[in-house]
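# Observations on the three-dimensional arrangement
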Amino acid sequence: KAGVTQTPRYLIKTRGQQVTLSCSPISGHRSVSWYQQTPGQGLQFLFEYFSETQRNKGNFPGRFSGRQFSNSRSEMNVSTLELGDSALYLCASSPRLAGGFTDTQYFGPGTRLTVL
Amino acid sequence: DAKTTQPNSMESNEEEPVHLPCNHSTISGTDYIHWYRQLPSQGPEYVIHGLTSNVNNRMASLAIAEDRKSSTLILHRATLRDAAVYYCILPHSESSSYKLIFGSGTRLLVRP
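Residues numbered from 1 in each chain as written. Chains lettered and ligands numbered in written order. Predicted model: local features only at pLDDT ≥ 70, side-chain atom pairs only at ≥ 80, totals over all residues. Heavy atoms only, no water.

Let's shift gears to unusual backbone geometry. Residue and element names in this part refer to chain A. For the peptide bond that leads from Thr7 to Pro8, omega is -10°, which places it in the cis range. With a phi close to 70°, Glu52 is a non-glycine residue in the positive phi region. Note on placement: Glu52 falls in the loop between strand S5 (42-50) and strand S6 (53-57). (Helix = DSSP H or I, 4+ residues; strand = E, 2+ residues; numbered from the N terminus.)

Okay, structure coming up:
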């Protein structure tokens, strides 16, 4: 089974621009979560999508948004980029079984975003 | 959200066992204990999880204290490839939401 894929792998933008990152989950997985990783803050939860609905959102400004399509693929968008948005953005998919307590998340390789 | 505490770093020699500790004194009765690791330049990968009893899989073993306030990830024979940051996590799960709260983890250095 193919793993989680993220595109693009690397991206350079300038302040004020917007960016869209894409994530294709493992076939059959219905949940997609996004995380931001920076040297200073570590890995932080951004949001989770399940069945095309945002189920939870981390403590990030409204400039960060996302969506999930009917085939479970997901995109996240960051508008009005700031220097501090430079980070590794990780997508994880999960089968999201009943209860969720034993769910395993499978991470993609990430998209490295650099904001100049 | 329940919090975990891990040492910042640990060192081990190749082919020796490694015991990575984690404290989670505020764990609730329904919290599972998950371990993930992140190899250099990669996304995190799942290692193992458990609830009350010890667990084994092809990657590692998980020893859970009887009061569940601590656990230990055991790598039976460390290899250079095991050098990574190891995260002990209590996933937050509600009926409509699931998320992993990552701490700073333990950076494992494996010496040849």
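Picking up where we left off.
Here the focus is the pairing of strand S9 (residues 87-94) of chain A. Residue and element names in this part refer to chain A. The buried count for S9 comes to 8 of 8 residues, which makes it a mostly enclosed element. Burial along S9 is two-sided: Ala87, Tyr89, Cys91 and Ser93 and Leu88, Leu90, Ala92 and Ser94, pointing in opposite directions, are all buried. Sheet analysis places strand S4 (residues 31-38) next to S9, joined by 7 bridges and oriented antiparallel. Its bridge partner being in S9, Val32 is matched across the sheet by Ser93. In this structure, S9 lies alongside strand S11 (residues 111-115), joined through 3 bridges in antiparallel fashion. Across the sheet, Tyr89 pairs through a bridge with Thr111, a residue of S11. (Buried < 20%, exposed > 50% of the residue type's maximum accessible area, 1.4 Å probe, protein only. Pairing = 2+ DSSP bridges.)

We now examine the state of the cysteines. Under the counting rule described, the total for this entry stands at 2 disulfides over all chains. Here Cys23 of chain A connects covalently by a disulfide to Cys91 of chain A, the sulfurs 1.7 Å from one another. The chirality of the disulfide connecting Cys23 of chain A with Cys91 of chain A is left-handed, given an S-S dihedral of about -55°. Placement of the pair is Cys23 of chain A in strand S3 (residues 19-24) and Cys91 of chain A in strand S9, with a sequence separation of 68 residues. When sorted by exposure, Cys23 of chain A lands in the same class as Cys91 of chain A, which is buried. For Cys22 of chain B, the disulfide goes to Cys88 of chain B, at an S-S distance of 2.1 Å. Here the disulfide of Cys22 of chain B and Cys88 of chain B is left-handed, its torsion about the S-S bond being about -80°. (Disulfide = S-S within 2.5 Å.)

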